[in-house]
Amino acid sequence: MKFFVDTADLNEIKDLASTGLLDGVTTNPSLVAQSGAKSFIGLIEDICKVVKGPVSAEVAATDYATMLKEGQRLAKIAKNVAVKVPLTPDGLKVCKVLSDGGTMVNVTLCFSAAQAILAAKAGATFISPFVGRLDDIGQDGMLLIRDIVEIYKQYPAFKTEVLVASVRHPVHLIESAKMGAHVATIPPKVIRQLYSHPLTDKGLATFVADWKKTGQTILDAA
Ligand code: E4P
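Enquirer: Sorry if this is basic, but what is going on with the overall build of the protein chain here?
Expert: Helix and strand counts for the protein chain stand at 11 helices and 8 strands. Along the three orthogonal principal directions, the C-alpha set of the protein chain runs to about 70 × 40 × 35 Å. Expressed as a percentage of contacts within the protein chain between residues at least 6 apart in sequence, the contacts between residues at least 24 apart total 56%. Surface summary for the protein chain: the accessible area is close to 11800 Å², and the carbon and sulfur share equals 59%.

Enquirer: Sorry if this is basic, but what is going on with unusual backbone geometry here?
Expert: Note on backbone geometry: most residues besides glycine have negative phi, and most peptide bonds are trans. A positive phi angle is found at Leu-109, which is not glycine, with a value near 60°. On the secondary structure map, Leu-109 appears in strand 5 (residues 104–110). Note on Leu-109: relative accessible area 33%, which makes it partly exposed. At Ser-166, a position not held by glycine, the phi torsion is positive, near 60°. Among the secondary structure elements, Ser-166 is positioned in the loop between strand 7 (161–164) and helix 9 (170–179).

Enquirer: What is the right way to look at the pairing of strand 3 (residues 55–58) in this model?
Expert: Two faces belong to every sheet, and in a regular strand the side chains alternate between them. Alternating positions in strand 3 separate into two faces, Val-55 and Ala-57 on one and Ser-56 and Glu-58 on the other, with burial throughout. Bridging between strand 3 and strand 4 (residues 81–86) involves 4 bridges; their strand directions are parallel. Its bridge partner being in strand 4, Ser-56 is matched across the sheet by Ala-82. Assessed by its sense of winding, the connection that carries the chain from strand 3 through helix 4 (residues 64–77) to strand 4 is right-handed.

Enquirer: Help me out: how do you make sense of the side chain of Asn-80 in this one?
Expert: Mapped onto the elements, Asn-80 comes out in the loop between helix 4 and strand 4. For Asn-80, the side chain forms a polar contact with the main-chain oxygen of Lys-52, separated by 3.3 Å. Ignoring any residue separated from it by four or fewer positions in sequence, one finds Asn-80 in contact with Cys-48, Val-51, Lys-52, Gly-53, Pro-54, Val-55 and Met-104.

Enquirer: Looking at this structure, how should I read the site of the ligand?
Expert: Near the ligand the following residues occur: Asp-6, Thr-26, Asn-28, Lys-84, Phe-130, Arg-133, Ala-165, Ser-166 and Arg-168. At a separation of 2.7 Å, an oxygen atom of the ligand approaches a polar side-chain atom of Asp-6. Asn-28 has a polar side-chain atom sitting 2.7 Å from an oxygen atom of the ligand. Taken by itself the ligand offers 340 Å² of open surface, and the protein chains cover 85% of this. In the shell around the ligand, the residues fall into 2 nonpolar, 3 polar and 4 charged.

Enquirer: Sorry if this is basic, but what is going on with helix 9 here?
Expert: Given 3.6 residues per turn, any residue in an α-helix points the same way as the ones three and four places further on. For helix 9, the full list of buried residues reads His-172, Leu-173, Ser-176 and Met-179. Within helix 9, the buried residues cover an arc of 125° as seen down the axis, which keeps them to one side. The inward-facing, buried residues of helix 9 abut strand 1 (2–6), helix 7 (131–136), helix 8 (141–154), strand 7, strand 8 (183–186) and helix 10 (188–195).

Enquirer: Looking at this structure, I do not really get the sheet that holds strand 4. What am I missing?
Expert: By definition, the strands of a sheet pair up through backbone hydrogen bonds, in either a parallel or an antiparallel sense. One closed barrel accounts for 8 strands, arranged 1-2-3-4-5-6-7-8; its pairing is parallel. Between one strand axis and the next, the sheet turns through 30° on average, direction left out of account. Judged from the 2 bridges that link them, strand 6 (residues 126–129) and strand 7 form a sheet pairing that is parallel. Bridging from a neighbouring strand, Ile-127 pairs with Val-162 of strand 7. Against the sheet, helix 10 contacts strand 1 and strand 8, and its axis sits at roughly 135° relative to strand 1.

Enquirer: Help me understand the nonpolar core in this model?
Expert: Side chains of a nonpolar character, in soluble globular proteins, are inclined to be buried together. One finds Val-81, Val-107 and Ile-127 to be the most contacted residues of the largest nonpolar core, which totals 60 residues. A total of 6 residues in this core trace back to one element, the largest contributor, which is helix 8. Membership of the second largest hydrophobic core comes to 5 residues, among which are Phe-4, Ala-82, Leu-163 and Val-183.

Enquirer: Just checking my understanding: could you explain the packing of aromatic side chains for this structure?
Expert: Any two aromatic rings considered together are summarised by their centre-to-centre distance and by the angle between their planes. If you walk through the whole model with that rule in mind, you get 4 aromatic pairs. Their ring planes at 75° and their centres at 5.7 Å tell us that Tyr-152 and Phe-158 sit as a pair that is edge-to-face. Three or more aromatic residues joined by ring pairs make a cluster, and in this case those are Tyr-152, Tyr-155 and Phe-158. Here the basic side chain of Lys-93 rests over the ring of Tyr-64, its NZ or CZ set 4.6 Å away from the ring centre.

Procedures and definitions
Residues numbered from 1 in each chain as written. Predicted model: local features only at pLDDT ≥ 70, side-chain atom pairs only at ≥ 80, totals over all residues. Heavy atoms only, no water. Helix = DSSP H or I, 4+ residues; strand = E, 2+ residues; numbered from the N terminus. Contact = heavy atoms within 4.5 Å. Areas by Shrake-Rupley, 256 points an atom, 1.4 Å probe, with all protein chains shown as cover. Buried < 20%, exposed > 50% of the residue type's maximum accessible area, 1.4 Å probe, protein only. Pairing = 2+ DSSP bridges. Right-handed = clockwise from strand over helix to strand, strands pointing away. Polar contact = N/O pair within 3.5 Å; in protein donor to acceptor, adjacent residues only side chain to side chain. Near = heavy atom within 4 Å. Nonpolar A, V, L, I, M, F, W, Y, C, P; charged D, E, K, R; others polar. Arc of directions from axis to C-beta. Axes fitted to C-alpha atoms, helices over the stretch in contact; angles between N-to-C directions. Core = buried A, V, L, I, M, F, W, Y, C linked by side-chain atoms within 4.5 Å. Phe/Tyr/Trp six-rings, centres within 6.5 Å; stacked < 30°, edge-to-face > 60°. Lys NZ or Arg CZ within 6 Å of the ring centre and 35° of its normal.

Laid out in structure tokens, this is it:
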């Protein structure tokens, strides 16, 4: 399973990239606004220098002609840019044109299996179903992941990867992995939670204390 980080904070991205576990990045207009970056294009350029995998950069317009121009501009930044478009009729038209031309496209704001089928037919590289936002309105976001994974498996011609988005906690990730989702885009805070277990901390404290009792050091050993 690939791990993308869901942030536009360059320092966070650098820090997480140093773990060697990061396969890509997703940004969106809200995350860019939060980052305080003065130049969106400059920010994506910088992120693409740090992370070699797909970096999602979202168009700002909602009409076909402007979205297409914006997508083409974003795609020029670096080879690993995945242009992010909304799941609307115009967004999917842009997806088809860009993906036919060899650009990676991430179709975002997916909330139904029917939408995911359309995105696959439009040649999306990634479909982003938002699990946390479905949970927020009392629906089970994980059921959508299960449906999309199952549907895509029936059609080997669909090359679209399921990119689980709006991840709120480690259970979203574990359940997505059990269902065979290709990618999860995870906020930095949740990535850090993945490492944690109280028994790991407790066990390590015991090992450190017991090792001290031996009076030895590994590096000074003959
Ligand atoms: C996906 O690409 C989106 O940026 C993101 O996962 C949205 O998550 P949110 O619902 O926590 O804003």
